[in-house]
Amino acid sequence: MEQEPPLVREVFPELIDELVALLEAEGERDLSITVRDVRMVGECGCGDDFCQSIRTADHPDGQPYGPDHRCVPLLPSTGDLILDVVAGRIVYIEVLGRPPMRRPAQQLDLPA
Ligand SMILES: [Zn+2]
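These numbers were taken from a predicted model, which means no experiment stands behind them.

**Student:** An account of the coordination of the zinc ion is needed here, citing residue identities and associated values.
**Tutor:** Within the protein, the zinc ion binds to Cys44 (SG), Cys46 (SG) and Cys51 (SG); these donor distances fall in the range 2.1 to 2.2 Å. Between the donor residues of the zinc ion, the gaps in sequence give the motif C-x1-C-x4-C.

Have a look at this one:
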């Protein structure tokens, strides 16, 4: 059996706490619950300095999300946080212009 990717809240707990608060403030109750269980499928990988976006679902490169896609822009105190939601499922967390988040590799280096 393939190992599941880690939960985003285990890798970036502060980010998820912030997203939950922002989603509740926007009245997005369903998303404020499901965001706690999204998994870190991968990083954006675009290489831009200002971008720390996270893929939370497998998605074929270059394919449109389809008609069920919607964008949920949030209002963090710094930078931009935008969720991409397809059919009620969070597939992508756009993290733009934000202070550097602790990376998983650095977290693994910490003493237990
Ligand atoms: Zn990117």
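Back to the text.
**Student:** Lay out the confidence of the model for the chain in plain terms, naming residues and giving numbers.
**Tutor:** Of the residues in the chain, 88% reach a pLDDT of 70 or more, and the chain-wide mean stands at 89. Here helix α4 (residues 104-109) is the element of the chain with the lowest mean pLDDT, 53, and helix α3 (residues 29-34) is the one with the highest, 98.

**Student:** Which residues make up the environment of Ile33, and what are the values?
**Tutor:** With respect to the secondary-structure elements, Ile33 resides in helix α3. Along the backbone, Ile33 and Val20 are 13 residues apart, and their C-alpha atoms lie at a distance of 7.4 Å.

**Student:** Outline the sheet that holds strand β5 (residues 89-96), listing residues and values.
**Tutor:** Pairing is antiparallel in the open sheet, where 5 strands are placed in the order β1-β2-β5-β4-β3. Taken across any chain shown, the strands that pair with only one partner, and hence form the sheet edges, are β1 (42-43) and β3 (69-73). In the packing of helix α2 (residues 13-25) onto the sheet, contacts are made with β2 (54-55), β3, β4 (80-86) and β5, and the angle to β4 comes to roughly 75°.

**Student:** Describe the pattern of salt bridges, naming the residues involved and giving the relevant values.
**Tutor:** Scanning the model with the defined rule gives 4 salt bridges in all. Asp37 serves as the salt-bridge partner of Arg9, at 3.4 Å between the closest nitrogen and oxygen. Of this pair, Arg9 sits in helix α1 (residues 8-11) while Asp37 sits in the loop between α3 and β1; the two residues are 28 residues apart in sequence, bridging distant segments of the chain. For Arg9, a relative accessible area of 36% translates into the label partly exposed.

**Student:** Describe in detail the nonpolar core, supporting the description with residues and values.
**Tutor:** As a rule of thumb, soluble globular proteins bury nonpolar side chains together. By size, the foremost hydrophobic cluster in this structure holds 23 residues, and its most contacted members are Leu15, Leu19 and Leu83. For this core, the element with the highest residue contribution is α2, accounting for 6 residues.

**Student:** So, the side chain of Ser53: which residues are in play, and what are the values?
**Tutor:** Here Ser53 is to be found in the loop between β1 and β2. A polar atom in the side chain of Ser53 sits 3.1 Å from the backbone nitrogen of Val95. Discounting residues that sit within four places of it in the chain, Ser53 has contacts with Glu43, Cys44, Tyr92, Ile93, Glu94, Val95 and Leu96.

What counts and what doesn't
- Residues numbered from 1 in each chain as written.
- Predicted model: local features only at pLDDT ≥ 70, side-chain atom pairs only at ≥ 80, totals over all residues.
- Heavy atoms only, no water.
- Donors = N, O, S within 2.8 Å, 3.2 Å for Na, K, Ca; no water.
- pLDDT = per-residue confidence, 0-100.
- Helix = DSSP H or I, 4+ residues; strand = E, 2+ residues; numbered from the N terminus.
- Pairing = 2+ DSSP bridges.
- Contact = heavy atoms within 4.5 Å.
- Axes fitted to C-alpha atoms, helices over the stretch in contact; angles between N-to-C directions.
- Salt bridge = Lys/Arg side-chain N within 4 Å of Asp/Glu carboxyl O.
- Buried < 20%, exposed > 50% of the residue type's maximum accessible area, 1.4 Å probe, protein only.
- Core = buried A, V, L, I, M, F, W, Y, C linked by side-chain atoms within 4.5 Å.
- Polar contact = N/O pair within 3.5 Å; in protein donor to acceptor, adjacent residues only side chain to side chain.

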